[in-house]
Amino acid sequence: QVQLVESGGGLVQAGGSLRPSCAAFGRSISIDIMAWFRQAPGKERDFVAAISYGSTTYANSVKGRFTMSRDNAKNTVYLQMNSLQPDDTAVYYCAQAYGRSLPKLTAEYNYWGQGTQVTVSS
């Protein structure tokens, strides 16, 4: 079992940057698939980005602006978010999956963090 704890959200003006992180506890996540999802009020939880041992994939809406990375020594993944826009406002969740592909459906993920709020003002 693994516990995921997000941090690093906050309030930022449009055009700004944030770098939330997700620390894992309980066991190593170095070979796991890790992902970020986000959920705005009244909307479904949407895929943002995922990373495997050697590749990453992004939602079209964030491609070119967001970068997901991992630090296996710290058992942590990150989401560098640049050029933030009000539409990026949401609670951001990290999640864990097994396997080799990079799934984009919430049902494919086993463990979830509690989320961190990101608010972008116009």
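Residues numbered from 1 in each chain as written. Predicted model: local features only at pLDDT ≥ 70, side-chain atom pairs only at ≥ 80, totals over all residues. Heavy atoms only, no water.

1. What about the state of the cysteines?
For the structure on display, the rule yields one disulfide. A disulfide bridge connects Cys22 with Cys94, and the sulfur atoms are separated by 1.9 Å. Between Cys22 and Cys94, the S-S torsion sits near 50°, and that sign places the bridge as right-handed. In this pair, Cys22 is assigned in strand S3 (residues 21-25) and Cys94 in strand S9 (residues 90-97), connecting sequence segments 72 residues apart. (Disulfide = S-S within 2.5 Å. Helix = DSSP H or I, 4+ residues; strand = E, 2+ residues; numbered from the N terminus.)

2. Here's the deal with the pairing of strand S7 (residues 66-71)
Alternating residues of S7 divide into Phe66, Met68 and Arg70, all buried, and Thr67, Ser69 and Asp71, none buried. With six bridges connecting them, S7 and strand S8 (residues 76-81) associate as antiparallel partners. Within S8, the position partnered with Ser69 by the bridge is Tyr78. Here S7 hands over to S8 after four residues, with Asn75 in that stretch at a positive phi of 55°. (Buried < 20%, exposed > 50% of the residue type's maximum accessible area, 1.4 Å probe, protein only. Pairing = 2+ DSSP bridges.)

3. A short note on the layout of surface pockets
Taken as a whole, the largest pocket encloses approximately 160 Å³ of empty space. Lining the largest pocket are 13 residues, with Arg38, Ala40, Lys43, Asp46 and Asp87 sitting closest to its centre. Partitioning the lining of the largest pocket into residue classes produces five nonpolar, three polar and five charged. (1 Å grid on protein atoms, 1.4 Å probe; cavity = no way out; pocket = protein on both sides within 12 Å on 5 of 7 lines; lining within 4 Å. Points joined across faces, edges and corners; volume = space filled by probe spheres on them. Nonpolar A, V, L, I, M, F, W, Y, C, P; charged D, E, K, R; others polar.)

None of this, on its own, says anything about what the molecule does.
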